[in-house]
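Residue-level structure breakdown
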There are 4 protein chains.
Amino acid sequence: MLSFESDYTEGAHPQILQKMQETNMIQTTGYGTDDFCRSAAEKIRKACGCPQAQITFLSGGTQTNQIVIDAILKPFEGVVSADTGHINSHEAGAIEYTGHKVLTLPNHLGKMDPGELEHYLKTFFADGNHEHMVFPGMVYITHPTEYGTIYTKEELAAISAVCRSYGLPLYLDGARMGYALASYETDVTLKDIAEYCDVFYIGGTKVGALLGEAVVFTKNNEPQHFITRVKQHGGLLAKGRVMGLQFDVLFEDDLYMKISAHAIRMAEILKNALKEKGYRFFLNSPTNQQFVILENSKMEELGKEVRFSFWEAYDEDHTVVRFATSWATTEENLERLISLL
Amino acid sequence: MLSFESDYTEGAHPQILQKMQETNMIQTTGYGTDDFCRSAAEKIRKACGCPQAQITFLSGGTQTNQIVIDAILKPFEGVVSADTGHINSHEAGAIEYTGHKVLTLPNHLGKMDPGELEHYLKTFFADGNHEHMVFPGMVYITHPTEYGTIYTKEELAAISAVCRSYGLPLYLDGARMGYALASYETDVTLKDIAEYCDVFYIGGTKVGALLGEAVVFTKNNEPQHFITRVKQHGGLLAKGRVMGLQFDVLFEDDLYMKISAHAIRMAEILKNALKEKGYRFFLNSPTNQQFVILENSKMEELGKEVRFSFWEAYDEDHTVVRFATSWATTEENLERLISLL
Amino acid sequence: MLSFESDYTEGAHPQILQKMQETNMIQTTGYGTDDFCRSAAEKIRKACGCPQAQITFLSGGTQTNQIVIDAILKPFEGVVSADTGHINSHEAGAIEYTGHKVLTLPNHLGKMDPGELEHYLKTFFADGNHEHMVFPGMVYITHPTEYGTIYTKEELAAISAVCRSYGLPLYLDGARMGYALASYETDVTLKDIAEYCDVFYIGGTKVGALLGEAVVFTKNNEPQHFITRVKQHGGLLAKGRVMGLQFDVLFEDDLYMKISAHAIRMAEILKNALKEKGYRFFLNSPTNQQFVILENSKMEELGKEVRFSFWEAYDEDHTVVRFATSWATTEENLERLISLL
Amino acid sequence: MLSFESDYTEGAHPQILQKMQETNMIQTTGYGTDDFCRSAAEKIRKACGCPQAQITFLSGGTQTNQIVIDAILKPFEGVVSADTGHINSHEAGAIEYTGHKVLTLPNHLGKMDPGELEHYLKTFFADGNHEHMVFPGMVYITHPTEYGTIYTKEELAAISAVCRSYGLPLYLDGARMGYALASYETDVTLKDIAEYCDVFYIGGTKVGALLGEAVVFTKNNEPQHFITRVKQHGGLLAKGRVMGLQFDVLFEDDLYMKISAHAIRMAEILKNALKEKGYRFFLNSPTNQQFVILENSKMEELGKEVRFSFWEAYDEDHTVVRFATSWATTEENLERLISLL
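Residues numbered from 1 in each chain as written. Chains lettered and ligands numbered in written order. Predicted model: local features only at pLDDT ≥ 70, side-chain atom pairs only at ≥ 80, totals over all residues.

Note on the identical chains: chain B maps onto chain C by a rotation of 180° and an axial translation of 0.0 Å, with an RMSD of 0.0 Å. In symmetry terms, the pair is related by a two-fold rotation axis. Of every C-alpha in chain B, the one belonging to P75 of chain B sits nearest the axis of rotation, 4.5 Å from it. When you check the interface residues of chain B against chain C, 100% turn up at the interface there too, and the contact is symmetric in its surfaces. (Least-squares fit on C-alpha atoms with pLDDT ≥ 70 in both. Contact = placed C-beta atoms within 7 Å.)

To continue, consider the relation of the copies chain A and chain B. Once chain A is rotated about the relating axis by 180° and shifted along it by 0.0 Å, it coincides with chain B to within an RMSD of 0.0 Å. Comparing contact sets, 100% of the residues at the interface of chain A also lie at the interface in chain B, consistent with an isologous, same-surface contact.

Sheets are built from strands paired through backbone hydrogen bonds, the pairs being either parallel or antiparallel. All names here are of chain B. Taking strand neighbours across the sheet as the criterion, the seven strands line up as β2-β8-β7-β6-β5-β3-β4 in an open arrangement whose pairing is mixed. What marks the edges here is a single partner per strand, and that holds for β2 (54-58) and β4 (102-105). Between one strand and the next, the sheet's axes are offset by a mean angle of 25°, whatever the strand orientation. Inspection of the sheet shows strand β5 (residues 135-142) paired to strand β6 (residues 170-174) by four bridges, in the parallel sense. In the strand pairing of β6, T142 is matched with D173. (Pairing = 2+ DSSP bridges. Helix = DSSP H or I, 4+ residues; strand = E, 2+ residues; numbered from the N terminus. Axes fitted to C-alpha atoms, helices over the stretch in contact; angles between N-to-C directions.)

Chain B puts twelve residues into the contact, and the matching count from chain C is twelve residues. Of the residues contributing to the side of chain B that touches chain C, the split by class is three nonpolar, five polar and four charged. (Nonpolar A, V, L, I, M, F, W, Y, C, P; charged D, E, K, R; others polar.)

Residues and elements named next belong to chain A. With respect to topology, seven strands assemble into an open sheet ordered β2-β8-β7-β6-β5-β3-β4, the strand pairing being mixed. Every interior strand has two partners, whereas the edge strands, β2 (54-58) and β4 (102-105), have only one. When the angles between neighbouring strand axes are averaged without regard to direction, this sheet yields 25°. For strand β7 (residues 199-203) and strand β8 (residues 213-217), the ladder comprises five bridges, and the chain directions are antiparallel. Each bridged residue has a counterpart across the sheet, and for I202 the counterpart in β8 is A214.

Here we take up the domain arrangement of chain A. It is common to give the size of an interface as the accessible area that goes away when the parts come together. All names here are of chain A. Each domain of chain A was delimited in the assignment, giving domain 1 (2-7 + 256-340) and domain 2 (14-253). With 17 residues of domain 1 at the contact, the number on the domain 2 side is 20 residues. Broken down by element, the residue count for the side of domain 1 that touches domain 2 peaks at eight residues, all from helix α12 (residues 255-276). A class-by-class count of the residues in the side of domain 1 that touches domain 2 yields ten nonpolar, five polar and two charged. (Domains from an automatic or database assignment.)

Have a look at this one:
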């Protein structure tokens, strides 16, 4: 069956598998201290324009969010997020498991508003009684968001400015970062992200890797004994090379951007086809996830031929579903999908 | 440089990489619900002689210990371990991070003594005041142990019997299980382990996989909503297929046992060579890790040509070091090492 | 300076101190196993009409909420609360510290709506993908609420019915329960609360005790080894008698209700005086907390003579402040306050 | 029945109750910001010779240990304790509950040896691989110990020196501190403790208070937002005055030392009587707890007339039991006990 269910339905980009084959019997040291990791980190530093950045490779998005947030926050602090933030909704309480509250602001098509953030922080710190409350200790945003939307450079700069004026680190969850950077509608580059954020991660799992996310501390601000924290959370792989190697390939010859651009091209074709056929969109997504409102009967029919994601009920008769393209989407499969629609 | 530092210095067994290549573009669902995981689980059930076993694939040993132990224990319970148990010494406090105490018994060459276990439990539950203490809630053993030693079938049966008489689940950490099962000195089979233990894991990372450990609940006793617990601990990979596929290969045509047997054959050759050359052993290990007492000057000299693990200081002039063989050890490299010794 | 800042500005009701004096040199066993605790528990059982209830005395409200919620929830569950619930706003993250998320519903003058609760639970459990989310595991309400409002018997019954249909325990935070039970506008009795709730606590600290809250498990549903859980949270006092004795006095001859009724009488006089003088109320509170909208200049002036609580900014020129009466409010002080207004 | 079971069998010292009566209707602010707390803190600073000390009042020993240790340790650190330390044995895992490991050294009659501490720290930090281990982050000692023994000034100075050379804070659990300070065999003063330790607590519950322990940070080293941490752990009482007032009385006119001295005098009389009657001591305790080896038949007989604590089985026919004196022990009761022995 055809699947547009997500951007993690296939294995890895073929160049990754090829490099794995070629280097398989090279002996390395463990736990991320190997040359693959070193080389990948160096390439990421260059791509970010951030020669001092500290890079760690972790295995998945929830793990990354959990470890980074727990490592940054002081014990009496929580993390500020849009209410639709992945950490607030779909990570099984992984943040609260570490003892920290997710402090929510309303979302605007999945995004946090800089003005509302400032208002919240101003009010919090103005109130003399906040010693009985959870202190905001960092800000979490996703780019692209859970709805496929993206921040403009101006918005990102504004959020960053608010964070700095209150001394709060800004953390960007880039599980699908490639698809934001390659969007036709973006003015935000990887270097911008490195500049505006204190820490972020470059998603691998959903952008061509078998597994792996690259955490980037941009301001020489990696928490003390970060590797021990990673171990303590169960996140340290003995064969760290598995992740280093993949990012080494993805950041060679701009592969990360090339495959992201492919996914966006596929998404745009799909989007135009949907528009032409008169489908209603739940919102305008400029990235690889497209949210469409389907009649329930149509949804059931279509579900016999193609897999997609149930997103949420729209009304009694309609449902929001998601179609995702990726580095692996073929033109042939896309045509099959369009013909089914 | 030659390395006998550990059993995780290379990538994956070639058959694993080949299967990855062949199946790379197959589309699957995420989070361990795919056909690779299903097939691997079925093969493991057969190998264990345990048709009801519930199998979950996790990414590394610390993560597995943390999740399994936290999922089994009640909040007022701790886990009983030999003081040399990996969870007590080299996991950066990953168990305590989940809020549980590691309750220690003395080790005997890395092993727990069934009689001492029984005495501890008897005393604990006899004492009327134990409501102010941490309740023993499960028992943790490693096989092979951190010192490469192995339990006999009789010892395993005795520990299991004590556990059952007190209603405590027995959990076996099998990070290097293959090397115990393939030892020339063992009388313990995988089916014995499945019979005597309530839960255990079959180590992949150190026995030929890129990453991955297979958790086996043997008595239809998987904790409620275990997948949610895994997610909450940051251990759920989107592309669960990565681990399912590897175990599917390892449990096809007995590959797991074949490559373990190779490592043992290499270890025995090394052991005999060391004996012949008059080296002193720290203890007798019948598995793939060999612990040798080296003069410090010899250690330094050897360290220029080959990597091995520092284990612990023996006295002012001597050090215990570890040489590990694995599925990947070549006869050629072994000969080079022997000639250097 | 006169204070209407809260209901915990004085020591304890004089009868409590007298009993302390009289019984001071009686020797008792520790940790809540003494006769004072036993006698108090028996009286509370009778007052609740709940002969099987299990009673534990804890020292404060945050501690009680933390321990009860952590002891009831399974590890993958969170607690459902109105967004204004004390556990969500003013307990410094004490619930999240235990690893559990507070799942919020909108408040209606501080109260949770049974229909909205049902809709939330229905949607949650209908959605097939909820294994990646925090499971609702219990429901938390406050009575009176943080805004002094109270549930009607019908509302309480409705919330209880929803909880039971989904198998979720209902927990009622009664930090100021006496003031709700004594309200002129209530139709809810202590026996109703015991019937509709699975666990609740009777507040002592704010209703005449030096310290102490009585946790009541109503359905023979006290969590396993609850005392050990209390100890683990640092909540077990060696001299448990301190709390037992106080509740023994408070539940002798209806003292708890008598002193609560006094506070309500004082609050009604204050409310009428405020109305007559043309003050604006933030909302209608039928209990001992009165929320008034003051001009900022008026607030400053008044603040020179009397202490009250800053609640929240109303607009640029106005502030919501709280006046609280209690068992200890004297008519004389009340008259002084009214003359100052 | 006569009780020598513990030092917390009665209420509070009469002067405390008297002061409670006298000040009961004084209105104060909440959460430890009142004048009683301020006055008590000032007196404690003077008694410690430590004008900069930061004082917080908490309600019990387990809570105090939990909060202080959790507030001091970094997330990757554990606390070093003798294996008999209260936090390692009889606090239901309250330290591990906060995510931290208790790292144990062997005890010597309940005490930690400075040389063994130094050896442990030296070895730990010398070993290059300690990033996979729990870092020692502070040292915990009890004075008197769980066996009633006490440190000499020289021992205390030596432990303190080791701690400082490794940059680890030294924390002293003084649940029964008064009885150590008043011991006939001690050369350690409260000022010594304040000098050698970075933080300690002065036990109230077991030395004449209804409840309450005074935490003293001696080096202007109170953790950031400590009150919020206390609240987060459920340890912040609304009526903080309850504890402030008691310590204000205990540190007026040397009452704390006077009542401790009384308990020691009672203990010495008991000790001499036991010796004369030929009882065997488990060890020599110079404080208010006396550990005696009783024949089991004798123990049962005595148990009909007097309560004491079961400590541990000595051999098949003998048991170690504890008799405790306190501020409240009367000469009359002591004589009755002696005549029963």
